[in-house]
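Examining the three-dimensional arrangement
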Amino acid sequence: MTKIGKDIGHAKAILEAGDLVGIPTETVYGLAGNALNKDAVAKIFEAKNRPDFDPLIIHTGSVEQISHYTTSFAPELEALANEFWPGPLTVLLPKKSIIPDLVTSGLDQVAVRVPNHPLTRELLQSLDFPLAAPSANPFGYISPTTAQHVVDQLDGKIPYVLDGGECEVGLESTIVGLEDGQLTIFRLGGIEVSQIKRVAGNVLILPQSSSNPKTPGMLKSHYAPRKPFILGDLDQLVPHFIQKGKKFAVLSFDKVFDEIDAPHQRALSPNGDLKQAAHALFAYMRYLDSLDVDIILAEELPESGLGKAINDRLRRASAH
């Protein structure tokens, strides 16, 4: 049985013993282990059933600790870190040999961030090692935004989940790095592109899926429910599936369909607020996936602000 609690000392003892703990961040819950301990890192891949070619993010308690694990920090990346850390930004930096190759899938750069959650920051500052922590869910499934979500999926595979309440942002971190000297966004996430540009100027956005990822979270099929997930025009899809007599659920941006029972539909933000939509995304996907339905219908959001990152997750969920 996996226990849930708020005991930082207990979480620290488990991690120091080489085992895993679910930890809260402002983005999603992470499955954390000692990033310098190959056996602990291997347990992360095993618990998630995650392929070892998909690299992990390491988390530290402060910007100052980054230099212990990386060989350099380009000024443009450091400027972003100083602006957005602690927060939902991950930076790709050249790694020191102290970081096991398993963490980076053999690549010479490591993804690092300083998360913005009081419990996890206190935990990180009490440890003498960073934490490797991908999302605390089976590989490819919807990311968890509460401690109970973690237990629902990993019960018995890890001893403890540190309960920090519901995640504030609800989307994974934005990943940035340098590609041929050009500041590049490798993964859209909890920091809007416009915010990155405000600090760093021009930025390249890479295609958001890959079968051979350079950073975490780039695989084409990801964040997916167990049920078939169809992305399209709901005004056309809903009548079509009603006519076919299919049992389905609907995930909309702000629409409510009178012809569908209320429990079988969720609007991410009735007010059209993209931050509210991001906060609700994974919890609503998880809820709809739990229903007795054959299929989940969804629509893309406006391609502005956090809508770009939300649409990225929706497209990957539908790439099943």
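Above this text sits the structure in question.
The structure contained in this document is the topic of the report that follows. (Residues numbered from 1 in each chain as written. Predicted model: local features only at pLDDT ≥ 70, side-chain atom pairs only at ≥ 80, totals over all residues. Heavy atoms only, no water.)

A few words on the pairing of strand 9 (residues 174-179). Summarising the sheet, strand 5 (residues 89-94) and strand 9 pair through three bridges and their orientation is parallel. Its bridge partner being in strand 9, Val91 is matched across the sheet by Val176. Here strand 9 folds back onto strand 10 (residues 182-187), and the loop between the two strands holds two residues, one of which, Asp180, carries a positive phi near 55°. (Pairing = 2+ DSSP bridges. Helix = DSSP H or I, 4+ residues; strand = E, 2+ residues; numbered from the N terminus.)

As a further point, take the environment of Ser135. As for its placement among the helices and strands, Ser135 is situated in the loop between strand 7 (131-132) and helix 6 (147-154). It is 19 Å that separates the C-alpha atoms of Ser135 and Lys12, two residues lying 123 residues apart in sequence. If we skip the residues at most four places from it in the chain, Ser135 touches Val28, Tyr29, Gly30, Leu31, Lys48, Ser143 and Pro144. There is a polar contact of 2.5 Å between the side chain of Ser135 and the side chain of Asn137. (Contact = heavy atoms within 4.5 Å. Polar contact = N/O pair within 3.5 Å; in protein donor to acceptor, adjacent residues only side chain to side chain.)

Turning our attention to the sheet that holds strand 15 (residues 295-298). Pairing is parallel across the open sheet formed by four strands, whose spatial order is 12-15-13-14. Looking at strand neighbours, the two that pair on one side only are strand 12 (229-231) and strand 14 (265-267), the edges of this open sheet. Shown here is a sheet whose adjacent strand axes are inclined to one another by a mean of 15°, direction ignored. Helix 9 (residues 274-289) rests against strand 12, strand 13 (248-252), strand 14 and strand 15 of the sheet, and its axis sits at about 170° to strand 13. (Axes fitted to C-alpha atoms, helices over the stretch in contact; angles between N-to-C directions.)

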